[in-house]
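# Report on the structure
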Amino acid sequence: MKVLVPVKRAVDYNVKVRIKADQSGIDLANVKMSMNPFDEIAVEEAVRLKEKGKAEEVLVVSIGPKEAAETLRTALAMGADRALLILTGEAVEPLAVAKLLKGVCLEEQPGLVIAGKQAIDKDAGQAGQMLAALMGWAQGTFAHALDVEGDAAIVEREVDGGLQRLQLRLPAVITTDLRLNEPRYASLPNMMKARKKLVAEKTPADYGVDVRPRLKTISVKEPPRRAGGIKVGSVAELIDKLHEARVL
Amino acid sequence: MASLVLAEHNNSTLSEATARAVTAARHLGEPVHVLIAGSGCGGAADEAVLLQGVDTVVVADDPRYAHMLAEPVAMLILSLASGYASVLAPATANGKNILPRVAALLDVPQISDVTRILSPDHFERPAYAGSVIETVAAPDGKKVLTVRVSAFAPAPSGGAALMVSIPPAADPGLSEFLDETPALSGRPELSSAKIVVAGGRGLHTAENFHHLERIADKLGAAVGASRAAVDAGFAANACQIGQTGQSVAPDLYLALGISGAIQHLAGIKDAKVIVAINKDEEAPIFGIADYGLVADLFQALPELELALGK
Ligand SMILES: Cc1cc2nc3c(=O)[nH]c(=O)nc-3n(C[C@H](O)[C@H](O)[C@H](O)COP(=O)(O)OP(=O)(O)OC[C@H]3O[C@@H](n4cnc5c(N)ncnc54)[C@H](O)[C@@H]3O)c2cc1C
């Protein structure tokens, strides 16, 4: 079975983002970029499936600018076998991402797609479900545990009230939650090796997909800022204040 | 045309998330219909009929909807979609699971986690862990939205909607429910609780977390946790608050041994009063807390429990 993992180059989770002066978006100049943390979990899970002998090949795909090749190389250094970059300009919306990934799925016929549950820049959480819909496949979102047996996947999902287990017919799309695994570091020697590997390139036109945004961003602004309050000296004083504020 | 709200329920009762999504739908200015997809879901349907502002409750009662599996529920919504200008769901695990599937099948972009509806096609939503608020305009055509539950007040009871039953739609039979392990506690729901008591890695042990739970029970509060506390096994996944967990909007939020990372703060910005107890006076949480107490939790927790009485 082949496993496909889409990976996104996103603003690193430690970065405090700055809004452009004209409120048109985020200033990305000289900002540290990394693989979306949920996608790291997805790569790790795919590599583990391969190590367990349940997958033969792990193909990683990124949709983005030239620099996304670095993100793909990180995935190769973690143990992915092959990398494909679909070159695009600025932000591609989840529906267009799903359409491009559908093109890749039709070409590559993976048995399983493992995607992150959301990208930590746009926080949309849509691409995996949309791909499953376009392919007519089952989906197992917010995965906490995954097992593959024959032509089925058993996925344990994090839902609002606890955990839920589903059996999915393969091929299917899984999206990863935080506790699915702990991704390994891409070691320096492996990074060096990954540098020599080929990253195949395509364009949206190769898949006949129009990636022009359909949502229009009118403005991007800071949320109202909370002012810090006061410090109290003891638990007793705290309780008094909460009574005064009528929240106890 | 009307707006369709996918209800969140457990068949016998309606979740408050539904009443909140109804409020969001009302801002679109069209009649509001609520879809109850479930199995033996008459109880939930009866409750939905009473929500003010709801015109029609559409009930699809069939075993295939017993566990809200994404594939058959998306097909059901799709079979109804031609009659609606918008489809909404609360941004709960179910809404986030099902609605993108619907949007893709309708070939429209979804707008996730809407916090404000400015007009029928202009929406506000947070991005970058809540560091920014985007205003986006959706193209003409159907709108598919998930709405942040904590950002909208629940529609009150006292209405009298029409109820109609509909037959089930096709079931693609792609997935099967096996079982579930509820993390339930008998405590209020996080997303609608008036008081939330949340713990972080600073609690150090599961035993201390039980201490925190006793305090929550005294206050009739929901229990929340940081990601670090959940990863450490102190609390269930379902308790995680933040960018990638749940959002809360209580009157009072108690953050105990939580540092205040941006990913955590993303989930509590709508809390009215935030209290932080942390032994590190430099902890970022103090920068946003209304009341801060610099103290060691091993001392503060027992004092707090005592001060709150029986
Ligand atoms: C992709 C991604 C998604 C994430 N999503 C979330 C999310 O949804 N929610 C979330 O919460 N986090 C999330 N995080 C993690 C987040 O970045 C922080 O790591 C996390 O919130 C820290 O949790 P904490 O405050 O409990 O732990 P820490 O940061 O370790 O803080 C512990 C605090 O306890 C205090 N303390 C320790 N001992 C005591 C004592 N005896 N008495 C009093 N105080 C004490 C310390 O001073 C410290 O401030 C995410 C991270 C990533 C990368």
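So, here is what we can say about the structure in this document. The model shown is predicted, which means the values in this text are computed figures rather than measured ones.

Right, let's talk about the site of the ligand for a bit. Neighbouring the ligand are 30 residues; Arg201(B), Ser226(B), Thr244(B), Ser259(B) and Asn278(B) lie closest to it. Residues within reach of the ligand are spread across chains A and B. Between the ligand and the protein, one listed contact pairs a nitrogen atom with a side-chain N or O atom of His204(B) at 3.0 Å. Side-chain polar atom of His264(B) to an oxygen atom of the ligand: 2.8 Å apart, as the coordinates give it.

Under the counting rule described, the total for this entry stands at one aromatic pair over all chains. Ring centres of Phe209(B) and Phe234(B) lie 6.3 Å apart, and the angle between their planes is 40°; this geometry places the pair in the tilted category. Placement of Phe209(B) in helix α5 (residues 206–219) and of Phe234(B) in the loop between α6 (227–231) and β14 (252–256) is noted, with a sequence separation of 25 residues between them. Using a relative accessible area of 0% as the deciding quantity, one classes Phe209(B) as buried. With a relative accessible area of 13%, Phe234(B) lands in the buried category. The side chain of Lys231(A) reaches across the aromatic face of Phe286(B), ending 4.7 Å from its centre.

Read from one edge to the other, the open sheet built from ten strands follows the order β11(A)-β5(A)-β4(A)-β1(A)-β6(A)-β10(A)-β7(A)-β8(A)-β9(A)-β11(B), with strand pairing classed as mixed. Edge positions in the sheet fall to β11 (199–202) of chain A together with β11 (175–182) of chain B, since each has one partner strand and no second. Neighbour-to-neighbour, the strand axes of the sheet open up by a mean angle of 30°, direction not taken into account. In this structure, strand β9 (residues 162–169) of chain A lies alongside β11(B), joined through seven bridges in antiparallel fashion. Within the sheet, the bridge partner assigned to Leu168(A) lies in β11(B) and is Ser175(B). Across the sheet, helix α2 (residues 68–78) of chain A is in contact with β4 (57–64), β5 (82–87) and β11 of chain A; its angle to β5(A) comes to roughly 165°. Lying over the sheet, helix α4 (residues 93–106) of chain B contacts β7 (138–149) and β8 (152–159) of chain A, oriented at roughly 95° with respect to β7(A).

Okay, the side chain of Ser150(B) next. Turning to its location among the elements, Ser150(B) is positioned in the loop between β9 (143–147) and β10 (162–165). Discounting chain neighbours no more than four positions away, the residues touching Ser150(B) are Arg20(B), Ser191(B), Ser247(B), Val248(B), Ala249(B) and Asp270(B).

Here is what the cut-offs are and how they apply
- Residues numbered from 1 in each chain as written.
- Chains lettered and ligands numbered in written order.
- Predicted model: local features only at pLDDT ≥ 70, side-chain atom pairs only at ≥ 80, totals over all residues.
- Heavy atoms only, no water.
- Near = heavy atom within 4 Å.
- Polar contact = N/O pair within 3.5 Å; in protein donor to acceptor, adjacent residues only side chain to side chain.
- Phe/Tyr/Trp six-rings, centres within 6.5 Å; stacked < 30°, edge-to-face > 60°.
- Helix = DSSP H or I, 4+ residues; strand = E, 2+ residues; numbered from the N terminus.
- Buried < 20%, exposed > 50% of the residue type's maximum accessible area, 1.4 Å probe, protein only.
- Lys NZ or Arg CZ within 6 Å of the ring centre and 35° of its normal.
- Pairing = 2+ DSSP bridges.
- Axes fitted to C-alpha atoms, helices over the stretch in contact; angles between N-to-C directions.
- Contact = heavy atoms within 4.5 Å.

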